[in-house]
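# Descriptive analysis of the structure
Next come the chains, spelled out residue by residue.
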Amino acid sequence: ARLSVMMFLQFFTWGAWFVTLGACLGAHGLSGSIADAYSTAPIAAILAPLFLGLIADRFFPSQVVMGVLLLIGGGLLWILPGYAEAGNANVVYWLILGHMLCYMPTLGLSNTIAFTNISDQSLFPRVRVWGTIGWIAAGLVVGFKGWSASYNIFYLAAVCSALLGVYCFTL
């Protein structure tokens, strides 16, 4: 159950802002930054695991690295709306890239934590499905609240990231 909560919160964090990022930036006069903002995910997916995986595997427990990364990433998301409101697209890009560099390694780290703590690998799909449910739940919350084009998506994701960051220290 604890690993399922971890997966739920991890994908809730990402799903809260990533899907409607384009709508949010476009609604606030940052349409020219949408492609750049979305380009951060593949860049981070390539770069971050190269060095953070090594750190987690050799020097620190995975749950500690994951917790620290999620706290930093949540902080970056929390301050992002202030720069977006000021129209500072360059800083918004770097904040999203910084967040994604913190977030992307957690995808592998959460799998490592899960496989380390389950008795039978065939149980992993039952744990991982909660990530998908978290992604869907985030979309439903954002949609029902009418936040698709609101900076509230970043605050929601930041709070969830911080909660998961703290939760990781208990795993």
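Residues numbered from 1 in each chain as written. Predicted model: local features only at pLDDT ≥ 70, side-chain atom pairs only at ≥ 80, totals over all residues. Heavy atoms only, no water.

## A look at the overall build of the chain
How we decide: Strands here mean DSSP runs of E at least two residues long; helices mean DSSP runs of H or I at least four residues long; both are numbered from the N terminus. It is over C-alpha atoms that the radius of gyration is taken, and the globule rule equals 2.2 Å times the number of residues to the power 0.38.
Looking only at helices and strands, one finds seven helices and zero strands in the chain. Across the chain, helices and strands are ordered from the amino to the carboxyl terminus as α-α-α-α-α-α-α. Taking 16 Å as the expected radius of gyration for a compact globule of 171 residues, we find that the chain reaches 16 Å, a close match to that expectation. Counting only C-alpha atoms, the chain reaches 50 × 35 × 25 Å along its principal axes.

## Some details on helix α5 (residues 89-117)
Our working definition: Any helix carries an expected span of 1.5 Å times its number of residues minus one. Fitting axes to the seven residues ending at a residue and to the seven starting there, one defines the bend at that residue as the angle between these axes.
With 29 residues, α5 should cover 42 Å at 1.5 Å per step; its first-to-last C-alpha distance of 42 Å lies within 8% of that length. The principal kink in α5, of about 30°, is found at leucine 107.

## Some remarks on the nonpolar core
How we decide: By nonpolar core is meant a set of buried Ala, Val, Leu, Ile, Met, Phe, Trp, Tyr and Cys residues that side-chain atoms within 4.5 Å join together. A simple rule labels every residue: compare its accessible area, found with a 1.4 Å probe on the protein chains alone, to the largest value its type can have, and call it buried under 20%, exposed over 50%, or partly exposed in between. Two residues qualify as a contact provided that any one of their heavy atoms is within 4.5 Å of a heavy atom in the partner residue.
Met6, Trp17 and Phe154 are the most contacted members of the largest nonpolar core, which has 53 residues in total. Among the secondary structure elements, those contributing two or more residues to this core are α1 (2-17), α2 (21-27), α3 (34-58), α4 (62-85), α5, α6 (124-145) and α7 (152-168). For this core, the element with the highest residue contribution is α5, accounting for ten residues. Setting aside residues no more than four positions away along its own chain, methionine 6 makes contact with Met66, Ser110, Ile113, Ala114, Leu164, Tyr167 and Leu171.

## Regarding the side chain of serine 33
As for its placement among the helices and strands, serine 33 is situated in the loop between α2 and α3. For serine 33, the residues in contact, after removing those within four places along its chain, are Leu25 and Ala89.

## Re the state of the cysteines
We apply this condition: Throughout, a disulfide means two cysteine sulfur atoms within 2.5 Å of one another.
Evaluated as defined, the whole model comprises zero disulfides. As a non-bridged cysteine, cysteine 102 has cysteine 168 as the owner of its nearest cysteine sulfur, 13 Å distant. Here cysteine 102 falls in the buried class, since its relative accessible area comes to 10%.

## Section: the packing of α4 against α7
The following threshold applies: Interaxial angles span 0 to 180 degrees and are taken between N-to-C directions of axes, which are lines fitted to C-alpha atoms, for helices over the stretch in contact. Each angle receives one of four descriptions, namely roughly parallel if under 35 degrees, roughly antiparallel if over 145, roughly perpendicular if within 65 to 115, and oblique otherwise. Put simply, a crossing is left-handed when the front helix is turned counterclockwise from the back one by less than a right angle, and right-handed when it is turned clockwise. Residue type decides the class: Asp, Glu, Lys and Arg count as charged, Ala, Val, Leu, Ile, Met, Phe, Trp, Tyr, Cys and Pro as nonpolar, and the leftover types, Gly among them, as polar.
As a packed pair, α4 and α7 sit with axes 7 Å apart at the nearest point and diverge in direction by 160°. Of the possible angle classes, the one that applies to α4 and α7 is roughly antiparallel. Handedness of the crossing formed by α4 with α7: left-handed. Taking contact as the criterion, the partners of Gln63, Met66, Gly67, Leu70, Leu71, Gly73, Gly74, Leu77, Trp78, Leu80 and Pro81 in α4 are, on α7, Phe154, Tyr155, Ala157, Ala158, Val159, Ser161, Ala162, Leu164, Gly165, Val166 and Cys168. The residue inventory of the contact of α4 with α7, partitioned by class, reads 16 nonpolar, six polar and no charged.

## Regarding the confidence of the model for the chain
Close inspection of predicted coordinates is inappropriate for parts of the model with low pLDDT. Our working definition: Confidence of the predictor at the level of single residues is captured by pLDDT, which takes values from 0 to 100.
Looking at the chain as a whole, its pLDDT mean stands at 91, while 98% of the residues score no less than 70. By mean pLDDT, α3 is the weakest element of the chain at 83, and α7 is the strongest at 96.

## A short note on a nonpolar patch on the surface
Using the following cut-off: Residues forming no salt bridge and having over 30% relative accessible area are the ones grouped into patches, like charges within 9 Å of each other and nonpolar side chains (Val, Leu, Ile, Met, Phe, Trp, Tyr) within 5 Å. For the area figures, the Shrake-Rupley method with a 1.4 Å probe applies, and any residue is considered shielded solely by the protein chains shown. A carboxyl oxygen of Asp or Glu within 4 Å of a side-chain nitrogen of Lys or Arg is what we treat as a salt bridge.
A surface patch of nonpolar side chains, about 810 Å² in accessible area, is lined by Ile43, Ile46, Leu47, Leu50, Phe51, Ile55, Phe59 and Phe60. Take leucine 50: it is sitting in helix α3.

## Remarks on α7
Its 17 residues give α7 an end-to-end C-alpha distance of 24 Å, which sits within 8% of 24 Å, the value for a rise of 1.5 Å per residue. The inward-facing, buried residues of α7 abut α1, α2, α4 and α6.

## Comments concerning the packing of aromatic side chains
Let me state the cut-off plainly: When two rings of Phe, Tyr or Trp (its six-membered ring) have centres within 6.5 Å they constitute a pair, described as stacked for plane angles under 30 degrees, edge-to-face for angles over 60, and tilted for the intermediate range.
By the definition in use, this model includes twelve aromatic pairs. With a centroid separation of 6.4 Å and an interplanar angle of 40°, the aromatic rings of phenylalanine 11 and tryptophan 14 are classed as tilted. Remark: tryptophan 14 and phenylalanine 11 occur in helix α1; sequence separation between them is three residues, near one turn of the helix. On the accessibility criterion, phenylalanine 11 (10% relative accessible area) is buried. When its relative accessible area of 14% is taken as the criterion, tryptophan 14 is described as buried.

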